[in-house]
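# A look at the structure
Here is what each chain is made of, one letter per residue.
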Amino acid sequence: MISKYDYAVGEAGAAPAYWPPGLPFGRDAGRPTLLIIAHPKCSCTRATLENLNRLLTKCGGRVAVRVLFIRPKGQSQEWVRTDLWRSAAAIPGVVVAEDPDGALARTFGAATSGYALLYDASGRLEFCGGITDGRGHVGDNPGAEAVVSLINGGAGLQARAPVYGCSLLETSCRARDSSK
Amino acid sequence: MIQLATERPSEADRFARRVSALFEGQRQNIILHTDRLFTWLMLCQWAFCVGLAFWLSPRTWSGTESAVNPHVWLAIVLGGIVTSVPVILARTQPGGQATRHAIAIGQMAMSALLIDVTGGRIETHFHIFGSLAFLAFYRDRRVLATATLVVFADHIIRGLYWPQSVYGVVYAPFWRSLEHGWWIAFEVVFLLISIRKSLCEMHLAAERQARLELTNDTIKESREHLAQAQHIAKLGNWTWDIPANRVLCSEEAHRLYGRDPEVDGTTMEKCLERVLPEDLPRIREAMAEALKTRQPFVCDHRVRLPDGEVRHIHGRGEVMVDAHGAPVKIFGIIQDVTEAALSEESLRRTEMQLRQSQKMEAIGRLSGGVAHDFNNLLTVINGYSSLSMLQLDEADPVRKNIEEITKAAERASGLTRQLLAFSRKQVVHPRALNINEVVRGMEKMLRRLIGEDVELSTNFDESIRNVNVDPGQIEQVIMNLAVNARDAMPDGGKLTIRTANISVDQSSTFRNRTLKVGSYVVLAVSDDGVGMNEDVQNHLFEPFFTTKGLGKGTGLGLATCYGIIAQAGGDIRVYSEPNSGTTFKIYLPMTASATEAPAAPPSDTMPAGRETILVVEDDAGVRQLAVTVLRKCGYRVQISNDAYEALEAIKRSPQFDLVITDVIMPRMSGKDLRDQIKAHRPGTEVLLMSGYAGDALAHRGVLEEGLLFLEKPFSPARLAQKVREVLDASPVAR
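Residues numbered from 1 in each chain as written. Chains lettered and ligands numbered in written order. Predicted model: local features only at pLDDT ≥ 70, side-chain atom pairs only at ≥ 80, totals over all residues. Heavy atoms only, no water.

The next thing to look at is the interface of chain B and chain A. Contacts between the two partners involve 21 residues from chain B and, on the opposite side, 29 residues from chain A. Our count for the chain B to chain A interface comes out at 0 salt bridges. When residues of the side of chain B that touches chain A are traced back to their parent elements, those giving at least two are β1 (59-62), α2 (70-92) and α6 (163-167) of chain B. Looking at the side of chain B that touches chain A residue by residue, the classes come out as 7 nonpolar, 11 polar and 3 charged. (Contact = heavy atoms within 4.5 Å. Salt bridge = Lys/Arg side-chain N within 4 Å of Asp/Glu carboxyl O. Helix = DSSP H or I, 4+ residues; strand = E, 2+ residues; numbered from the N terminus. Nonpolar A, V, L, I, M, F, W, Y, C, P; charged D, E, K, R; others polar.)

Right, dumping it as structure tokens:
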């Protein structure tokens, strides 16, 4: 049961192939942008942030990182300002922002916390998926390795990776739970 | 009683068994301790695991909806399973082998769980190393082996099938499990070495402990033997720490001083509390001298126990000095010598009594011998004086001279009687009498004797019982005591005579005599005169001992009293203090007989007869007097110088009606002569004459039944009356 829980691949929608225009925040011109969409209370995402931290040590300042924490409708700002938020904000070079009512998550096709998208300097999607190999599993994994490789100008080992984490949206979560 | 073990294992066997027991005991203690340690450790781990799950991933989320994170359930349920089995075993079967193996498995399972929960974090693997180190506390290689096998199996199986759960990666090559296994083996090897060394040290410690115990047992046994020996010998030892004034005593030393052995470490002053006050200065002096001279000391003393018993203690001690020669300790011993001291005292008293008896015996013999010769002389003097008086006219001036001779002879006769009385050789004529009546009869005479300055007071018990004594002798005793009382009150005073009936229910010894249990009449003669000190009292009854000065006393008075009372089967005791007067108490055995009438007073008549009489006497004077008197009375008289001559004479002419014989004669005594005559001539009467009653004739001065006796010195009239009395009473005459 635990294995099923830990290694159940989270849902993911279709990510835009290019950085969508008109977003409240833009991407950095001249360098790739890594966007991670997270649930502020998902404990599994702690491993994602940990792996992000490691990943950044290997990539230096060659990537701009944005972490979006969804704020469901009706929830206060305090609901979002969790320990996870503070951990993400504490990582140098990481910009943390709210995603009210998960609008941006839906834009990027994210349904699972820890969903990462890497857009190159020109705004083209290079990678989407998780950077952990299980819920809350810290350590090397194909997703993170692919992101590092792409940022460092290497050939993309893979463009997608399974994402592990809590559902960003109720319906999808319920749908997934019921599917279990 | 001492009980000895019948069979004892050899010392080597005992040692080996003890080492093994100690080693196993220590090992078991360690195992139990470690079981307890793991009980808490595992419970804490479980709690930590659950707490960690709650903290790190309390809930799983779907938007705004959440549920308890499965990891929390995992921590609670699986952690509970992994923890509870070993903990329950540790509680129910502490120290059991299965328990510690279950703990090893559980602990390793907990490591696996933690690694899994933390997503195979490499840091969590340190839990395995820590757990193995903890498990090494058991000092049991098998436990470590079990744990190692569990870890190996976990890594290999999970590495193959769920590498993420153990290494945090999707794929892990097999060598990674081997690498982990290598590091675990690396630690385990060191732990095994550590366990081996630890077990060796435990064994060495057990050996040391066993050796120490054996040594302690030997010391304890030696102490018990010493205590037993001290108890048997009634000997204790003590040590006085002088600077600290602390005294440590052996158990026996405590017992000898009647102290509580539980209270040790007392001061010297406390120790000496039970010593008799008169002995204390001697002890202090001995110790002070020893401290001064550094020489050993001996000090005998007495202690009074709480129950009042007095114990004689022989003490010895030696002074110990420090490097500078200053005394720091005294080691000493004390020994109960009460029995020896009492025996010595008893022996000394017995020796004194023996010496006294020998002295009295010697004086008695001397007195008896002197009295015998004196009585012969006095018989002659008295006899011829009386005969001469018979031949002289009333107006003859020579009569006065002869009367003076007679008076002097009577005084000499009195002195001889006293000698015989104290030497208990006097023939007595006891009869039942009332002592009150005796004293009443003497009152007039006593008042004259003690003079006007001394008041005579009597206090009689009117229910007084009779006593069986010679009235003349008891009168002499009372008179002697009264004279002594008078002399003790030169300025006047009070002489009190009391009588009472008493019952003695416990025998008591005073001087050489023991007053036996029985009923007695007490005659107490008290004065309020100068009294006597102890030294005088000690010699009071010795013949010729006097305090009255030369020429004033013969020293025979109290000796006579003593002899008379002793001869009567009684006792005389004196109670006196200087300047507080003196009381003599005379104890005479009661008799149930009624009082007897006194004998008729002597008369001067000389009855005559014609019978044939043989006089046997070695003293020519007495012999001649007897012959003269008897012939004067009309008897036919023959004489013999000794018993053999007498037997020859009787053989030649067997017609003798009476044989009068002296008792003490050379070659054959008068008593033996009588026995021979009675054997061959039963019809011939034999009258014995003597100045005193020897053992052959009398018991305590009372003549044997059937003996005819004439006491020397006798007067011619007494001889004639006695001869006539005997002949008239003879069956032949009747």
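Moving on to the layout of surface pockets. Residue and element names in this part refer to chain B. Roughly 730 Å³ of volume is contained in the second largest pocket. Contributions of two or more residues to the lining of the second largest pocket are made by α12 (398-422), α14 (471-488), β14 (518-527), α16 (557-567) and β16 (582-591). At 9 residues, α14 tops the list of elements feeding residues into the lining of the second largest pocket. (1 Å grid on protein atoms, 1.4 Å probe; cavity = no way out; pocket = protein on both sides within 12 Å on 5 of 7 lines; lining within 4 Å. Points joined across faces, edges and corners; volume = space filled by probe spheres on them.)

Turning our eyes to something else, we now look at the packing of aromatic side chains. Aromatic rings in a pair are described by how distant their centres are and how their planes are angled relative to each other. For the structure on display, the rule yields 18 aromatic pairs over all chains. Summarising the aromatic geometry, the rings of Phe108 of chain A and Tyr119 of chain A are spaced 6.0 Å apart at their centres and angled 65 degrees between planes, so their arrangement reads as edge-to-face. On the criterion of sequence distance, the pair formed by Phe108 of chain A in helix α5 (residues 103-108) and Tyr119 of chain A in strand β4 (residues 115-119) is long-range, its members being 11 residues apart. For the pair Phe108 of chain A and Tyr119 of chain A, a shared accessibility class is recorded, and that class is buried. On the basis of an interplanar angle of 85 degrees and a centroid distance of 6.4 Å, the ring pair of Tyr520 of chain B and Tyr587 of chain B is categorised as edge-to-face. Here Tyr587 of chain B lies in strand β16 and Tyr520 of chain B lies in strand β14, a separation of 67 residues in the sequence. The buried category is assigned to Tyr520 of chain B, whose relative accessible area is 7%. The class of Tyr587 of chain B is buried, set by a relative accessible area of 9%. The rings of Trp19, Phe25, Phe108 and Tyr119 of chain A are connected pair by pair, giving a single aromatic cluster. Positioned over the ring face of Trp85 of chain A is Arg81 of chain A, at 4.0 Å from the centre of the ring. The ring of Tyr575 of chain B carries Lys585 of chain B above its face, with NZ or CZ at 5.5 Å from the centroid. (Phe/Tyr/Trp six-rings, centres within 6.5 Å; stacked < 30°, edge-to-face > 60°. Buried < 20%, exposed > 50% of the residue type's maximum accessible area, 1.4 Å probe, protein only. Lys NZ or Arg CZ within 6 Å of the ring centre and 35° of its normal.)

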